[in-house]
There are 2 protein chains.
Amino acid sequence: MTDAPKDIESLIEVMARLPGLGPRSARRAVLHLIKRRGQLMRPLAEAMTRVADTARECLNCGNIGTADLCPICSDDRRANGQICVVEDVADLWAMERGGAFQGRYHVLGGTLSALDDIGPDDLRIPKLIDRVRGEGATEVILALNATVDGQTTAHYIAGEIEGLGVSVTSLAQGVPIGGELDYLDDGTISAALKARKTL
Amino acid sequence: MTDAPKDIESLIEVMARLPGLGPRSARRAVLHLIKRRGQLMRPLAEAMTRVADTARECLNCGNIGTADLCPICSDDRRANGQICVVEDVADLWAMERGGAFQGRYHVLGGTLSALDDIGPDDLRIPKLIDRVRGEGATEVILALNATVDGQTTAHYIAGEIEGLGVSVTSLAQGVPIGGELDYLDDGTISAALKARKTL
Ligand SMILES: [Zn+2]
Ligand SMILES: [Zn+2]
């Protein structure tokens, strides 16, 4: 495919399987790395090995950390009764960048999907129910993506939690701060209109 | 930035410096790798270390190989008197995928650029002149990008080779196979019109 040495060919093939990289950008990235093998490629390989050696999923919430419990689950100040349910660790990171949430998280590891044959037991849903009971949660905030699968999953979880005496909320939908209407999809605009408020 | 363990933060930062990946796709890629640390992350780290250990630039043409001379420069069947000059190894790979060129290459390692202060001696131009004399080349094919810097570099090289008794050619410009006019930039259409042929 590239006439490059076999090791380079297979490095490109592995790189091209990363999300966000196709064959062309994998080739560019590998050439970039080869040109900077001392300053960039070796440190990157070492960083990957180190992370592969140390990273693990939090037994409680599914966040990525380096111990049985992640820093958030180990921090008593975050035991405020709120559990924010997200699909993925990337979403947890996005919430933490926002800095507005002070409680704990629960990472589902995906969404329910009939198409991909993903059911409740394939996600961290049973563990969530255990936590709601065991941690004395007062509010479960569903911060799932505004996709069909995300919303299906939100409704399923809301149904499972119903009757446990915990309030279930979800993120407000609307126009993002600084969002220009012209660039938003129609669904966002309709949802924002429905949820309109008196000024 | 992500509230992730320090090793993961720095892995994301290094990944985000790769061409084609920004911070967001670097975060996604790293999470993808962590989820597949056994099957994907370790093999990737090992492949990088292996390539960092073995890859080197061909002393003759600048192609990436694993020995003093790359496979193309070591292959006598490719000594047909043609030298195809490209900016980058990625362009050499693209030409080889095409499979139409049977000669040897010369990888400049960039283009002349007043803005970036890149002169002839920063590229592999002196070595090209040596090769044209030493290898008894009959034709130098300039396969540089159709950018301002690429074309400036092509003209400079053509001037340097003039008088060495070697023909200097460049890739034809025109409408790509399957290209729809509506999607092409104006320069391409004008160039294709100027170079029009009688059917
Ligand atoms: Zn945790
Ligand atoms: Zn070579």
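Chain A has the name Recombination protein RecR in an unreviewed UniProt entry, where [Roseibacterium] beibuensis is given as its organism. Under the heading Sequence similarities (unreviewed entry), UniProt records this for chain A: "Belongs to the RecR family." As stated in UniProt under Function (unreviewed entry), the record for chain A gives "May play a role in DNA repair. It seems to be involved in an RecBC-independent recombinational process of DNA repair. It may act with RecF and RecO."

Is there a simple way to think about the domain arrangement of chain A in this case?
Interfaces are frequently sized by the accessible area removed from exposure as the parts join. As far as domains go, chain A holds domain 1 (6–54) and domain 2 (66–170). Distance between the C-alpha centres of domain 1 of chain A and domain 2 of chain A: 33 Å.

What should I look at first to understand the sheet that holds strand β3 (residues 82–86) of chain A in this one?
Sheet strands pair via backbone hydrogen bonds, and the direction of the pair is either parallel or antiparallel. All names here are of chain A. Reading across from one edge, β4-β3-β5-β6 is the order of the 4 strands in this open sheet, with parallel pairing throughout. Two strands close off the open sheet at either side, each with one partner strand: β4 (104–107) and β6 (167–170). Each neighbouring strand pair of the sheet contributes to a mean axis angle of 25 degrees, computed without reference to strand direction. In terms of strand pairing, β3 meets strand β5 (residues 139–142) through 4 bridges, oriented parallel. Within β5, the position partnered with V85 by the bridge is L142. Each of β3 and β4 is contacted by helix α5 (residues 89–98), which is oriented at about 160 degrees to β4, the strand it contacts most. Contacts from helix α7 (residues 148–161) reach β3, β5 and β6, with the element oriented near 170 degrees to β5.

Is there a simple way to explain helix α1 (residues 6–16) of chain A in this structure?
For an α-helix, 3.6 residues make a turn, and residues three or four places apart therefore share a direction. Buried residues of α1 of chain A: I8, E9, L11, I12, V14 and M15 of chain A, and no others. In the core, the buried residues of α1 of chain A are packed alongside α2 (23–35) and α3 (37–54) of chain A together with α3 (37–54), β2 (64–65) and α4 (89–98) of chain B.

Calculation criteria
Residues numbered from 1 in each chain as written. Chains lettered and ligands numbered in written order. Predicted model: local features only at pLDDT ≥ 70, side-chain atom pairs only at ≥ 80, totals over all residues. Heavy atoms only, no water. UniProt positions renumbered as here; feature names shortened; annotations may be inferred. Domains from an automatic or database assignment. Pairing = 2+ DSSP bridges. Helix = DSSP H or I, 4+ residues; strand = E, 2+ residues; numbered from the N terminus. Axes fitted to C-alpha atoms, helices over the stretch in contact; angles between N-to-C directions. Contact = heavy atoms within 4.5 Å. Buried < 20%, exposed > 50% of the residue type's maximum accessible area, 1.4 Å probe, protein only.

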